[in-house]
Amino acid sequence: MPFDYAPAPESRSIVDIESNYGLFIGGSFTEPTSGEFFKTIDPATEEVLSEVAEAGQADVDAAVAAARRAYDKTWSKMSGKDRAKYIFRIARLIQERSRELAVLETLDNGKPIRESRDVDLPLVAAHFFYHAGWADKLEFAGYGPDPKSLGVAAQVIPWNFPLLMLAWKVAPALACGNTVVLKPAETTPLTALAFADICQQAGLPPGVVNIITGAGETGRMLVEHPDVDKVAFTGSTEVGKAIQRAVAGTKKKLTLELGGKAANIVFDDAPIDQAIEGIVNGIYFNQGHVCCAGSRLLLQESIADEALASLKRRLTTLRLGDPLDKNTDIGAINSSMQLSKIEELTAAGEAEGAERWSPTCPIPDKGFWFPPTLFTNVTQAHRIAREEIFGPVLSVLTFRTPEEAVAKANNTPFGLSAGIWTEKGSRILWMANQMRAGIVWANTFNRFDPASPFGGFKESGFGREGGVQGLGAYLNVEDPS
Ligand code: NDP
């Protein structure tokens, strides 16, 4: 019989959320010219956390103008060594305020505090430290003796890793000498606004970082602004395609980090307990709101029954509930819209003949929740095997030979990531070579490091974030990817 866990909630008293927030333009918070605000809620309780400004065209113009001024007058003229001092300062402030930022992220996003505290925040700080280190060494990065910055970067990020995606965008842009206008997702603006406060605390020159909040329309105005030199977007493939069309024919440099439908491939010689943990981490981490999630499990036929039984046993031990509770494994779905999308796709899975399984787990009355779910009897033609569900839902398929595993893994319009579980090193190398995926993990999954480039093939986008390769996306050089 499993033990009951006593509640172990993290205190939210460390965060001080204001009742409303303006736009962070030119180093200070300003009212939106539209006078419009929208609510941001805690998806676990539906409680309104704050009201946030909705940036219109005049605000976007003001933010881009502030970034341009800061670029021309200050940031592009500053030595790499001096830029590094600011970025190091930001990194240290993030570490100092990490508990506050983790609680805020969990409140606004719904992810378990264990993940925001132990995964997101350490990686956010690591990204700033890593890129601070590059700021005065760009001439050694392999882009020529004196690589130049691009100018003003327009950055639009999603809601699944709000502060981490900000770090992936802002840290390399600043290190390479660019200034930034960033729009966080409509449902998760609070940590980006806390970051604005950190920029002030760090004494960052006004206008180097500007944060404008708003919905998709604000994002569209930003990426289409004529005075922007670089566009970096993470989000859905559909919006990514619209952005690509909008910037086609302009001088803007573009990186797109879009969706995925990764195969997590388990061979019969894999250490099974370790693989089960990797499968769970691959798809149930962050409620499956992960672009590189291992959402298609490919099991070698000879071990499929045994592995499935172990996986189901393991899923019954996952705890769903209050994201601020340190025992929670599965938090809230980020929005009612995303919950509807997951419900629609899982219903389609059943209608097309796949078999749904979830452990019995109590669902809280308020908020947006979806239990960890897996589907068997899935074929490659099913929507749940082809479309990105972006929720805690795993589609299980089987294979007999490595060649069949490769064919099935690559049978997707996406190409972001893949996982291989086997004891055989030569098979790992052979499989990794065949995989049309930007990241291939071997005997692990969802591991990130700022020194390691991240990005996709095919409809998962182009350009790399992180590592030496990621610097090229913010320098006036040929894109290395
Ligand atoms: P979107 O692609 O719509 O949102 C990503 C960001 O782009 C948000 O900041 C959004 O603003 C903004 N945006 C929306 N429309 C435009 C536009 N025309 N021009 C510029 N920026 C725009 O993703 P959703 O949040 O709607 O999620 C939909 C699906 O996308 C998910 O179900 C999931 O499958 C996938 N997704 C994939 C992600 C990934 O990392 N690969 C991340 C997020 C979602 P706003 O939030 O205000 O709408």
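We now turn to the structure provided with this report. (Residues numbered from 1 in each chain as written. Predicted model: local features only at pLDDT ≥ 70, side-chain atom pairs only at ≥ 80, totals over all residues. Heavy atoms only, no water.)

1. Describing empty space enclosed by the protein
- Throughout the structure, instances matching the rule amount to five cavities of 30 Å³ or more.
- The calculated volume of the largest cavity comes to roughly 90 Å³.
- Contributions of two or more residues to the lining of the largest cavity are made by α13 (402–410) and β16 (417–421).
- Within the lining of the largest cavity, the residues separate by chemical class into eight nonpolar, five polar and four charged. (1 Å grid on protein atoms, 1.4 Å probe; cavity = no way out; pocket = protein on both sides within 12 Å on 5 of 7 lines; lining within 4 Å. Points joined across faces, edges and corners; volume = space filled by probe spheres on them. Helix = DSSP H or I, 4+ residues; strand = E, 2+ residues; numbered from the N terminus. Nonpolar A, V, L, I, M, F, W, Y, C, P; charged D, E, K, R; others polar.)

2. Considering the environment of F457
- Among the structural elements, F457 can be located in the loop between β17 (439–442) and β18 (461–462).
- The class of F457 is partly exposed, set by a relative accessible area of 26%.
- In sequence terms F457 and A437 are 20 residues apart; their C-alpha atoms lie 5.9 Å from each other.
- Residues contacting F457, with those up to four places away along its chain left out, are F414, G415, R436, A437, G438 and R464. (Buried < 20%, exposed > 50% of the residue type's maximum accessible area, 1.4 Å probe, protein only. Contact = heavy atoms within 4.5 Å.)

3. Focus on the state of the cysteines
- Counted by the stated rule, this structure contains zero disulfides.
- The closest cysteine sulfur to the non-disulfide-bonded C199 is located on C176, 17 Å from its own sulfur. (Disulfide = S-S within 2.5 Å.)

4. Focus: the sheet that holds strand β5 (residues 48–53)
- The strand order across the open sheet formed by three strands is β1-β5-β4, and the pairing between neighbours is mixed. Of all strands in the sheet, those bounded by a partner on one side alone are β1 (20–21) and β4 (37–41).
- Bridge count between β4 and β5: five bridges; the pairing is antiparallel. Among the inter-strand pairings, T40 is bridged to a residue of β5, identified as S50.
- Against the sheet, helix α6 (residues 190–201) engages β1, β4 and β5, with an angle of about 65° to β5. (Pairing = 2+ DSSP bridges. Axes fitted to C-alpha atoms, helices over the stretch in contact; angles between N-to-C directions.)

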